[in-house]
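Descriptive analysis of the structure
One-letter residues, chain by chain:
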Amino acid sequence: MRGDKGVTAEAVKCYLCPKGASQEETRDNMGSIEVRCPECGLYRITDIAMQFYILAGDPDDRFEDLLDGEDKRKLAGYIRAKHERDKDAPVLLDARTIEEVTGKLSPYATSV
Ligand SMILES: [Zn+2]
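Read on for a plain summary of the structure. The written sequence of each chain sets the order in which its residues are numbered from 1. This being a predicted model, a pLDDT of at least 70 is required before a residue's local features are given, and a value of 80 or more before pairs of side-chain atoms are given or counted; all residues contribute to the totals for chains, interfaces and linings.

Quick look at the overall build of the chain now. On a plain count of helices and strands, the chain comes out with 3 helices and 5 strands. Only DSSP runs of H or I with at least four residues qualify as helices, and only runs of E with at least two residues qualify as strands; both kinds are numbered from the N terminus onward. When the helices and strands of the chain are placed in sequence order, the string is β-β-β-β-α-α-β-α. Between the buried cut of 20 or more and the exposed cut of 12 or fewer other C-beta atoms within 10 Å of a residue's own C-beta lies the partly exposed class, and all C-beta atoms are placed from the backbone. Residues counted as buried form 25% of the 112 residues belonging to the chain. We call two residues in contact whenever the C-beta atoms placed from their backbones are within 7 Å. Once local pairs closer than 6 in sequence are excluded, the contacts in the chain between residues at least 24 apart make up 42%.

This part covers the environment of Ala-95. For Ala-95, the position within the fold is in helix α3 (residues 95-102). Taking the C-beta count within 10 Å as the criterion, Ala-95 has 24 such neighbours and is therefore assigned buried. With 49 residues separating them in the primary sequence, Ala-95 and Thr-46 have C-alpha atoms 7.6 Å apart.

Attention shifts here to the packing of helix α2 (residues 69-85) against α3. Between the N-to-C directions of two axes lies an angle of 0 to 180 degrees, each axis being a line fitted to C-alpha atoms and, for a helix, fitted only over the stretch in contact. At a minimum axis separation of 9 Å, α2 and α3 run at an interaxial angle of 110°. In terms of orientation, α2 and α3 fall into the roughly perpendicular class. In terms of crossing hand, the pair formed by α2 and α3 is right-handed. Contacts from Asp-71, Lys-74, Leu-75 and Tyr-78 of α2 reach α3 at Ile-98, Val-101 and Thr-102. Along the lines of polarity and charge, the residues of the contact of α2 with α3 split into 4 nonpolar, 1 polar and 2 charged. Angle categories are assigned with fixed cut-offs, so that under 35 degrees is roughly parallel, over 145 is roughly antiparallel, 65 to 115 is roughly perpendicular, and the rest are oblique. Crossing handedness is read from the near helix: turned anticlockwise from the far helix by less than a right angle, it gives a left-handed crossing, and turned clockwise, a right-handed one. Following the grouping adopted for this structure description, the nonpolar residues are Ala, Val, Leu, Ile, Met, Phe, Trp, Tyr, Cys and Pro, the charged ones are Asp, Glu, Lys and Arg, and the polar ones are all others, Gly among them.

In this section: α2. Given 3.6 residues to a turn, an α-helix orients residues that are three or four positions apart in the same direction. Expected helix span is taken as 1.5 Å per residue step, with the number of steps being one fewer than the number of residues. Relative to the 24 Å expected for 17 residues at 1.5 Å per residue, α2 spans 25 Å between its end C-alpha atoms, a close match to the ideal helical length. Within the span of α2, buried status applies to Leu-75, Ala-76, Tyr-78 and Ile-79. With its buried residues spanning 155° around the axis, α2 presents them on a single face. Facing away from the buried side of α2, by more than 90 degrees, are the exposed residues Gly-69, Glu-70, Ala-81, Glu-84 and Arg-85. Structurally, α2 contributes buried residues whose contacts are with β4 (41-45), β5 (91-93) and α3. Regarding the arc, it is the one traced by the directions from the helix axis to the C-beta atoms.

Before going further, it helps to examine the pairing of strand β3 (residues 33-37). On any regular strand, side chains alternate: one points to one face of the sheet, the next to the other face. Across the two faces of β3 the burial differs, with Ile-33, Val-35 and Cys-37 buried and Glu-34 and Arg-36 not buried at all. A strand pair is defined by DSSP finding two or more bridges across the two strands. Inspection of the sheet shows strand β2 (residues 20-25) paired to β3 by 4 bridges, in the antiparallel sense. In the sheet register, Glu-24 faces β3, and the bridge partner there is Glu-34. With 5 bridges connecting them, β3 and β4 associate as antiparallel partners. In the strand pairing of β4, Cys-37 is matched with Gly-41. Hairpin connection between β3 and β4: a loop of 3 residues separates the two successive antiparallel strands.

Tracing the chain through its elements places Leu-66 in the loop between α1 (50-56) and α2. Take Leu-66: there are 19 C-beta atoms within 10 Å of it, and that puts it in the partly exposed class.

Summarising the sheet, β4 and β5 pair through 3 bridges and their orientation is parallel. Within β5, the residue paired with Tyr-43 across the bridge is Val-91.

Next up, the structure:
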């Protein structure tokens, strides 16, 4: 719990692997957050795609195990493959991309 808000880099766990990462809020129109992980690289998760992760982290929620370890490895591999073509561009993980890569459907079946 920190009081400061806004665009700050915070030490957080990577969403896709056990390594450390830093996280920044970005100000695009999807409310994305940007994550830099030494292992997975630079990626951006949209607000809607975060439902996969936020709900996954809530032990009281029925979507608890929506993305398992193998799904996360698939997503990390997807990011690495993208970075081979363009190393500096953040890889966008929106709900559709997560669905395509993991085969899991978004909790709210959104189209973004
Ligand atoms: Zn990572």
